[in-house]
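One letter stands for each residue in the lines below.
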Amino acid sequence: MKIPNVVSIQKYSIHDGDGIRTTVFFKGCLLNCWWCHNPESQNFKPELMYNKEKCAGCFNCAKVCEHNHVDIENNMVINDRVNCKLCGKCLDYCVNNAREIVGKQCSVMDIIKEVEKDSMFYESSYGGITLSGGEVMAQDMEFIVSLLKKLKRKGYNIAIDTCGQAFQKNYEKVLPYVDTFLYDIKLMDNEKHKKYMGKGNELILKNLEYISSQGANIYIRIPVIGGVNDSDKEIEDIINYLKENISVSQINLLPYHDIAASKYERLNMKYKGKEFTVPSKERMEKLKNMFIQKGFSNTKIGG
Ligand code: SF4
Ligand code: SF4
């Protein structure tokens, strides 16, 4: 069994399914969405994050790195991320917490112990546990199924937040344990899908149709990105597809925001979302009404 890396375990989450939930963010995803809010969860391996804004310029990091993977040029910190051993020593000497290693292997029991701490909130709010990412369905499935079995045995409500880009056999394996799938649909236009996410939507739609045919409880989540999929045409295409093919319990329209832009800089990644716009409240209401008029009465703005 391969132990996956976890980015974080978020408590009191109210946007990742019903009630109050604890969300486990796994590291690694097979899509590469331009607007991704969690770029630190795209790569399957742990990574060094460096926050230039917080850096106090003490240069302790360069002094203590035994591997010489931090340079100082023109009074600026230059991190050799390719060769960095992720030993964490520089973090201990960083005076302003400007350095962070994101991603850590967690065992099934580590996760269980953490999520159990909040079990009383799940019961009182009809909440539970959400496995998210990154992409949980692209992790080692032996690990994920083992985790799901233990969570289910304890009686927790389980949601899986997925982009759909994973083998169908992975969905077959998790179906018996999952109460709700939070399933992302972004674009029906396959060429645009390839451009903005790095892959076409064939597998994503095939997996969605599969879990729907198996009676899964499905909440469709649509990130609404101004300039990408916020036109009437793009939304109508999604509505028509869902109406014909999928049994949907809830639609969540998630308006784009660009608050993750600074995370890209901390990871030394290029942020390609600059050209997108934030849809207005009026626009979001109009899109919501389009769904309601077509029979999706349980449509909400937000998670
Ligand atoms: S994590 Fe370790 S190897 Fe990487 S820069 Fe810091 S001290 Fe050097
Ligand atoms: S140790 Fe931290 S605060 Fe000091 S120079 Fe390095 S990153 Fe900046």
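Computed from a predicted structure; not experimentally measured.

Thresholds, definitions, all that
Residues numbered from 1 in each chain as written. Chains lettered and ligands numbered in written order. Predicted model: local features only at pLDDT ≥ 70, side-chain atom pairs only at ≥ 80, totals over all residues. Heavy atoms only, no water. Helix = DSSP H or I, 4+ residues; strand = E, 2+ residues; numbered from the N terminus. Rg over C-alpha atoms; globule rule 2.2 N^0.38 Å. Buried < 20%, exposed > 50% of the residue type's maximum accessible area, 1.4 Å probe, protein only. Contact = heavy atoms within 4.5 Å. Areas by Shrake-Rupley, 256 points an atom, 1.4 Å probe, with all protein chains shown as cover. Core = buried A, V, L, I, M, F, W, Y, C linked by side-chain atoms within 4.5 Å. Axes fitted to C-alpha atoms, helices over the stretch in contact; angles between N-to-C directions. Left-handed = near helix turned anticlockwise from the far one by under 90°. Nonpolar A, V, L, I, M, F, W, Y, C, P; charged D, E, K, R; others polar. 1 Å grid on protein atoms, 1.4 Å probe; cavity = no way out; pocket = protein on both sides within 12 Å on 5 of 7 lines; lining within 4 Å. Points joined across faces, edges and corners; volume = space filled by probe spheres on them. Domains from an automatic or database assignment. Near = heavy atom within 4 Å. Sits in = over half its atoms within 2 Å of the grid points. Polar contact = N/O pair within 3.5 Å; in protein donor to acceptor, adjacent residues only side chain to side chain. Pairing = 2+ DSSP bridges.

**Q** Looking at this structure, I do not really get the overall build of the chain. What am I missing?
**A** Looking only at helices and strands, the chain features eleven helices and 13 strands. Computed over the C-alpha atoms, the radius of gyration of the chain is 21 Å, within 12% of the 19 Å expected from 2.2 N^0.38 for a compact globule of 303 residues. The principal-axis extent of the C-alpha atoms belonging to the chain is close to 65 × 45 × 35 Å. Across the 303 residues that make up the chain, the buried fraction comes to 50%. Looking at the chain alone, contacts between residues at least 24 apart form 70% of all its contacts between residues at least 6 apart. Accessible surface for the chain amounts to roughly 14700 Å². Of this, 49% is attributable to carbon and sulfur atoms.

**Q** Any chance you could explain the nonpolar core here in plain terms?
**A** In globular proteins that are soluble, nonpolar side chains generally tend to be buried together. Judged by nonpolar contacts, the single largest core of 73 residues is most densely connected at Phe26, Trp35, Leu131, Leu208, Ile211, Leu242 and Phe291. By residue number, the principal contributor to this core is helix α5 (residues 141–153), which donates seven residues. Leave out the neighbours within four places in its chain, and Ile211 touches Tyr171, Leu175, Phe181, Tyr183, Ala216 and Ile218.

**Q** How should I be thinking about the side chain of His193 in this particular structure?
**A** Within the secondary structure, His193 is located in helix α7 (residues 190–197). By relative accessible area, which is 2% here, His193 ends up buried. Excluding residues within four positions of it along the chain, His193 makes contact with Leu187, Gly198, Lys199, Gly200, Asn201 and Ile204.

**Q** Would you take a moment to explain the packing of helix α8 (residues 202–213) against helix α9 (residues 232–245) for this structure?
**A** Helices that pack against each other are described as a pair by the angle of their axes relative to one another and the distance between those axes. Where α8 contacts α9, the axes come no closer than 11 Å and their chain directions differ by 35°. Our pair here, α8 against α9, has a crossing hand that is right-handed. Where α8 abuts α9, its residues Leu205, Leu208, Glu209 and Ser212 lie against Tyr241, Leu242 and Asn245. Across the contact of α8 with α9, the residue classes tally to four nonpolar, two polar and one charged.

**Q** Just checking my understanding: could you explain the layout of surface pockets for this structure?
**A** The method is simple in principle: a probe with the dimensions of a water molecule rolls over the atoms, and the space it marks as empty is what remains. Approximately 1100 Å³ is the volume attributed to the largest pocket. Breaking the lining of the largest pocket down by element, the ones donating at least two residues are β1 (5–13), β9 (158–162), β11 (218–224) and β12 (250–255). For the lining of the largest pocket, the element with the highest residue contribution is β1, accounting for five residues. Volume-wise, the second largest pocket comes out at about 350 Å³. Lining the second largest pocket are 19 residues, with Tyr50, Lys52, Val77, Arg81 and Glu265 positioned closest to its centre. Residue assignment for the lining of the second largest pocket shows that the elements contributing at least two residues are β5 (76–79) and α10 (261–266). Here the lining of the second largest pocket is built from residues that sort into eight nonpolar, six polar and five charged. Formed jointly, the lining of the second largest pocket draws a minimum of three residues from each of two domains, domain 1 (5–44 + 103–301) and domain 2 (47–102).

**Q** Any chance you could explain the site of ligand 2 here in plain terms?
**A** In the neighbourhood of ligand 2, the contacting residues comprise Tyr50, Cys55, Ala56, Gly57, Cys58, Phe59, Cys61, Val77, Cys94, Val95 and Arg99. The cavity where ligand 2 resides is the second largest cavity. For the shell around ligand 2, the class distribution of residues is nine nonpolar, one polar and one charged.

**Q** Just to check I follow, could you spell out the site of ligand 1 for this structure?
**A** Around ligand 1, the neighbouring residues are Cys65, His67, Val70, Cys84, Lys85, Leu86, Cys87, Gly88, Lys89, Cys90 and Arg99. For ligand 1, the cavity whose grid points lie within 2 Å of the majority of its atoms is the largest cavity. Grouping the constituent residues of the shell around ligand 1 by class yields six nonpolar, two polar and three charged.

**Q** Hey, could you run me through the side chain of Gln139 in this one?
**A** By secondary structure assignment, the location of Gln139 is in the loop between β8 (128–132) and α5. Looking at Gln139, the relative accessible area reads 8%, which means it is buried. For Gln139, the side chain forms a polar contact with the main-chain oxygen of Lys27, separated by 3.1 Å. Of the polar contacts made by the side chain of Gln139, one reaches the backbone oxygen of Gly28; its length is 3.4 Å. If near-sequence neighbours (up to four positions away) are discounted, Gln139 is found in contact with Pro4, Phe26, Lys27, Gly28, Phe44 and Ile144.

**Q** What exactly am I supposed to notice about the sheet that holds strand β7 (residues 104–105) here?
**A** Backbone hydrogen bonds are what pair the strands of a sheet, in a parallel or an antiparallel way. With mixed pairing, the nine strands of this open sheet are ordered in space as β7-β1-β2-β8-β9-β10-β11-β12-β13. The open sheet has two free edges, formed respectively by β7 and β13 (299–301), since each of these has just one partner strand. Pairing of β8 with β9, which is carried by three bridges, proceeds in the parallel orientation. Residue pairing for β9: Ile129 is matched across the bridge by Ile158.

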